[in-house]
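Each chain is listed here by its residues.
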Amino acid sequence: MKKSLLVSLAIASLFSTAQAAELTGTLKKIKESGTVVLGHRDSSIPFSYLADGSKPVGFSVDIANAIIDEVKKELGLPAIKVQYNLVTSQTRIPLVQNGTVDVECGSTTNNIERQQQVAFTNGFFKIGTRLLTKKTSGIKDFADLAGKNLVTTAGTTSERQIKKLNEEKKLGMNIISAKDHGESFLMLESGRAVAFMMDDVLLAGEMAKAKNPADWAIVGTPQSSEIYGCMVRKDDPAFKAVADRALVNFFKSGRVNASYTKWFQQPIPPKGLNMNFTMSEGLKALIAKPTDKSAEQM
Amino acid sequence: MNYHWDWGIFFKSTGIGQEIYLHWFITGLGWTVALSLSGWLIAMLLGTVLGVLRTLPQRSLSAIGTAYVNLFRNVPLLVQLFVWYFIVPDYLPEPIQTWFKQGLKPEISGFISVVACLGLFTAARVCEQVRTGIQALPRGQINAALALGLNPWKTYRHVLLPQAFRIIIPPLTSEFLNIFKNSSVASLIGLMDLLAQTKQTAEFTANLFEAFTLATLIYFTLNMSLMLMMRWLEKRVKVPGLISLGGK
Amino acid sequence: MDFSSIVSALPDLLQGMLLTLKLLVFAVAGGIALGTLLALARLSSNRLLSFLAGFYVNYFRSIPLLLVITWFYFIVPFMLAWATGKMHPVGAFASSLVAFMMFEAAYYCEIVRAGIQSIPKGQVNAAYALGLNYHQAMRLVVLPQAFRKMAPLLLQQSIILFQDTALVYAVGLMDFLNTARSRGDITGQLHEFLLFAGVIYFVLSFIASRIVLRLQSKLAVGQN
């Protein structure tokens, strides 16, 4: 009894001093520089995108702000300067690794392969990879794409899935890898590709931006089920713990619902279109039981 | 900082079919070479025509050459590429437009856009070199040719251009090396050239250093050997009595 | 074509242009400074120094600028962390700036070298005879004249650099072109925005090159 009490006392004292003095990694860097660098996207509608000006908006940006608030609390800083750093699907992982970006909240799938390179916070969205196509194109599923042009965004899980599928099933598809989702959609809209493969919700976001949203449809059997998380550096458990806690609080306090409604069920910039995207059972489960595991690990 | 060095990465499987990463670099290099050579062909043909135009006594003809050079030299290469890739295809007449966008494989239509861009961009530079080369020749050459009864076409074809080309080998060499390097902008529109393959390898393997080092080595070796080759050629074809123009 | 969105995007575009110009000014200043040092090293009687400078120049002249920009973007933070044992926030701007400076220095070096070599040897000898040392001779006699002679070439190279700054698109820096592209993408008017950007680049470069031409003829007169 006595011994365990001593130990716990020791641990408690260690904890309080550790918190005050022994900051490490990203937290230390933020404390010293008073700045946090947030990785954001250009056209991941409605998660992280540039609606007007150079400040990103979206559901993931709300989450990033929740994380920044939690960091402020943790460090006892009244204000932290937020520096925005635009990333693409291809650059986001190296930029988190090499210290350019402290936290990336966009539309990044948490998977085992990426966990070798970076760490993921608790998940905040669940998606499946599908196809966006013109209603009149006659494309119903992946099998209809044999010999046709398909566009996807470079550096995404979709890109890998489709390249593999194309090779295994010998579909003879021509795969265009565009730089970002906006450019992928441009390829689709201008008729260079008959379908755009991507996370279903991002496809819905691109539709919301289209000149005539009613012309487009999301089709096809989901090729995977994936969970989005924010990326932080690997081997920095202190910072990850703060970020995870921020997400738990964001979920528990119900702020998640307000943010969800704002981005998925109300008119959003730039065109004031409503995505009318009801909350999936998968997301409800993530909110009820936060986890930093990838879909494959569940 | 956790970084896992692995120089054997190039021999590992990409996870797509039977490929290893080295294959990506080889196909990438193939695209880069194809882009540079095709672009160069356009640049040389068009650049020579424009260069000749600029040396003609007719004001209106030389104005065409001047306008071309001004336009293509004052707009960034990347903007020109976006124009050829994103804008021009949308204004092609039907049914060429549909054929270009859907009938052709995407890498072929992308290739055509980049080649047009590189070729027309470099033509402006070749034009200036050809003009300088012709103007560097002694005035007496033209007069002698005309006195011999050659018409202007024959004067250029048999007297002026062959000599001009020989003295502008050094600046043309650097223009060729430029087109070779400039072809890397293809990676920005998703064409899988050497740089794009490098970026993709870096992204798939997380071995940035190794991937970029190999790419640098390839570009460096090719450029240096081309440069040495051209220096040798320059010595071989030197016109006695004429100094070659310093090309840097 | 519908250019209406451009008007409302003008403040953003101006912001982008300011970034482009900031990048240009720093890169030109740093590039010429480093290029001059390299030129002096290349002309130095120290074999090793001149070999290293020569290698540097050949190295950067034989790889694409785009490769340098991309590679620096990913690698500069790693190198800094290794060198100092601490993580430094190096954004796209800083890494692109370093890339431009180091890359352009190789080109400026060759211009400066030619400029120095164009100064008659007698001037240096005269300077030495007057009791100046190497540094004084270079700083007070050779370099001022050389820079005067090469000013047009240095400016011409800087106009090329102005156009090359557009390549920061590759690392997502919101310069003038990337801002235009991004606004065009979100408003569905990519064509209009890209054409607008092209016209602005053209006007600026064209005016600048006219000024350089004028300077060139002025200097040529001054020399005779």
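What comes next concerns the included structure. Please read all numbers here as calculations on a predicted model, not as lab measurements.

Thoughts on the overall build of chain A
On a plain count of helices and strands, chain A comes out with eleven helices and 14 strands. Over its C-alpha trace chain A gives a radius of gyration of 21 Å, about what one expects of a compact globule, namely 19 Å for 298 residues. If one aligns the C-alpha atoms of chain A with their principal axes, the spans along those axes are about 75 × 40 × 35 Å. Partitioning the contacts of chain A with sequence separation of at least 6, the portion at a separation of at least 24 is 76%. In chain A, 38 positive and 30 negative side-chain charges are present, and the distance between their average locations comes to 2 Å.

Some remarks on the overall build of chain C
Looking only at helices and strands, chain C features eight helices and zero strands. Sorting the 224 residues of chain C into buried and exposed places 53% on the buried side. Considering only contacts within chain C whose residues lie at least 6 apart along the sequence, 76% involve residues at least 24 apart. Accessible surface computed for chain C: about 10000 Å², of which carbon and sulfur atoms make up 69%.

Considering the state of the cysteines
Applying the stated rule across the entire model yields one disulfide over all chains. Summary of cysteine pairing: Cys117 of chain B is not part of a disulfide, and the nearest cysteine sulfur, belonging to Cys127 of chain B, is at 17 Å.

Looking at the packing of aromatic side chains
Two aromatic rings are characterised by how far apart their centres lie and by the angle between their planes. Residue and element names in this part refer to chain A. Throughout the structure, instances matching the rule amount to 46 aromatic pairs over all chains. With a centroid separation of 6.1 Å and an interplanar angle of 75°, the aromatic rings of Phe59 and Phe125 are classed as edge-to-face. With a gap of 66 residues between them, Phe59 in helix 3 (residues 59-75) and Phe125 in strand 7 (residues 125-134) connect regions that are remote in the sequence. Phe59 sits in the buried class, given a relative accessible area of 1%.

Observations concerning the pattern of salt bridges
Here the idea is simple: oppositely charged side chains can pair when their charged atoms come close. Residues and elements named next belong to chain A. Applying the stated criterion to the full structure yields 23 salt bridges over all chains. Arg245 is the partner of Glu74 in a salt bridge, and the nearest nitrogen-oxygen pair spans 2.7 Å. Note that Glu74 is positioned in helix 3 and Arg245 in helix 9 (residues 237-252), a separation of 171 residues in sequence. When its relative accessible area of 23% is taken as the criterion, Glu74 is described as partly exposed. Where Glu113 meets Arg160, a salt bridge forms, and the shortest distance between an N and an O atom there is 2.5 Å. Separated by 47 residues along the polypeptide, Glu113 in helix 5 (residues 112-115) and Arg160 in helix 6 (residues 157-168) bring together distant segments of the chain. With relative accessibility at 38%, the residue Glu113 sits in the partly exposed group. Arg160 sits in the partly exposed class, given a relative accessible area of 22%. Bridged by salt links that share partners, the residues Glu70, Lys73, Glu74 and Arg245 form one connected network.

Notes on the interface of chain B and chain C
How big an interface is tends to be stated in terms of accessible area lost as the parts join. Contact with chain B, which involves 37 residues of that partner, is made by 39 residues of chain C. For the pair chain B and chain C, the summed buried surface comes to about 3600 Å²; carbon and sulfur atoms form 78% of the total. Put simply, chain B and chain C have seven residue pairs in polar contact (both at pLDDT 80 or more) between them. Within the residue set of the side of chain B that touches chain C, elements represented by two or more residues are helix 2 (59-73), helix 3 (77-87), helix 9 (194-205) and helix 10 (208-236) of chain B. The dominant element in the side of chain B that touches chain C, judged by the number of residues it contributes, is helix 10 of chain B, at eleven residues. The residue inventory of the side of chain B that touches chain C, partitioned by class, reads 24 nonpolar, seven polar and six charged.

What to know about the packing of helix 1 (residues 4-42) of chain C against helix 2 (residues 47-61) of chain C
When two helices pack together, their arrangement is captured by the angle between the axes and the distance separating the axes. All names here are of chain C. At a minimum axis distance of 7 Å, the contact between helix 1 and helix 2 shows a crossing angle of 135°. The angle between helix 1 and helix 2 falls in the class oblique. As helix 1 runs across helix 2, the sense of the crossing is left-handed. Where helix 1 abuts helix 2, its residues Leu34, Leu38, Ala41 and Arg42 lie against Leu49, Ser50, Ala53, Gly54, Tyr56 and Val57. For the contact of helix 1 with helix 2, the per-class residue count stands at seven nonpolar, two polar and one charged.

Looking at the environment of Arg73 of chain B
Structurally, Arg73 of chain B can be placed in helix 2. Put simply, Arg73 of chain B and Ala123 of chain B are 50 residues apart on the chain and 9.7 Å apart in space, counted from C-alpha to C-alpha. Ignoring sequence-local partners within four residues, the contact set of Arg73 of chain B consists of Ala124, Arg125 and Glu128 of chain B together with Gln163 of chain C.

Concerning the interface of chain A and chain B
In this assembly, 23 residues from chain A lie in contact with 24 residues from chain B. Interface area, chain A with chain B, both sides summed: about 2300 Å², of which 49% is carbon and sulfur. Taken as a group, Gln90, Arg160 and Arg192 of chain A account for 26% of the area that chain A buries against chain B, more than any other trio of residues on that side. At the level of secondary structure, the elements contributing two or more residues to the side of chain A that touches chain B comprise helix 4 (92-97), helix 6, strand 9 (174-178) and helix 7 (181-189) of chain A. The dominant element in the side of chain A that touches chain B, judged by the number of residues it contributes, is helix 6 of chain A, at five residues. For the side of chain A that touches chain B, the residue count by class is four nonpolar, nine polar and ten charged.

Structural notes on the pairing of strand 1 (residues 35-40) of chain A
Residues and elements named next belong to chain A. When you tally the buried positions in strand 1, you get six out of six residues, the bulk of the element. Burial along strand 1 is two-sided: the face carrying Thr35, Val37 and Gly39 and the face carrying Val36, Leu38 and His40 are both buried. Both strand 1 and strand 5 (residues 103-109) contribute to a ladder of two bridges, which runs parallel. Counterpart to Leu38 in the pairing with strand 5 is Val103.

A closer look at the packing of helix 3 of chain A against helix 9 of chain A
Residue and element names in this part refer to chain A. Where helix 3 meets helix 9, the axes come as close as 8 Å, and the angle between the chain directions of the two elements is 120°. Relative to helix 9, the element helix 3 lies oblique. Read as a crossing pair, helix 3 and helix 9 show a hand that is right-handed. When helix 3 is examined against helix 9, the residues Asp62, Ile63, Ala66, Ile67, Glu70, Val71 and Glu74 are found in contact with a partner set consisting of Phe239, Val242, Ala243, Arg245, Ala246, Leu247, Asn249 and Phe250. Split by residue class, the contact of helix 3 with helix 9 holds ten nonpolar, one polar and four charged.

Rules of the game
- Residues numbered from 1 in each chain as written.
- Chains lettered and ligands numbered in written order.
- Predicted model: local features only at pLDDT ≥ 70, side-chain atom pairs only at ≥ 80, totals over all residues.
- Heavy atoms only, no water.
- Helix = DSSP H or I, 4+ residues; strand = E, 2+ residues; numbered from the N terminus.
- Rg over C-alpha atoms; globule rule 2.2 N^0.38 Å.
- Contact = heavy atoms within 4.5 Å.
- Lys, Arg positive; Asp, Glu negative; His and termini not counted.
- Charge placed at Lys NZ, Arg CZ, Asp CG, Glu CD.
- Buried < 20%, exposed > 50% of the residue type's maximum accessible area, 1.4 Å probe, protein only.
- Areas by Shrake-Rupley, 256 points an atom, 1.4 Å probe, with all protein chains shown as cover.
- Disulfide = S-S within 2.5 Å.
- Phe/Tyr/Trp six-rings, centres within 6.5 Å; stacked < 30°, edge-to-face > 60°.
- Salt bridge = Lys/Arg side-chain N within 4 Å of Asp/Glu carboxyl O.
- Buried area = accessible area lost by both parts, 1.4 Å probe.
- Polar contact = N/O pair within 3.5 Å; in protein donor to acceptor, adjacent residues only side chain to side chain.
- Nonpolar A, V, L, I, M, F, W, Y, C, P; charged D, E, K, R; others polar.
- Axes fitted to C-alpha atoms, helices over the stretch in contact; angles between N-to-C directions.
- Parallel < 35°, antiparallel > 145°, perpendicular 65-115°, else oblique.
- Left-handed = near helix turned anticlockwise from the far one by under 90°.
- Pairing = 2+ DSSP bridges.

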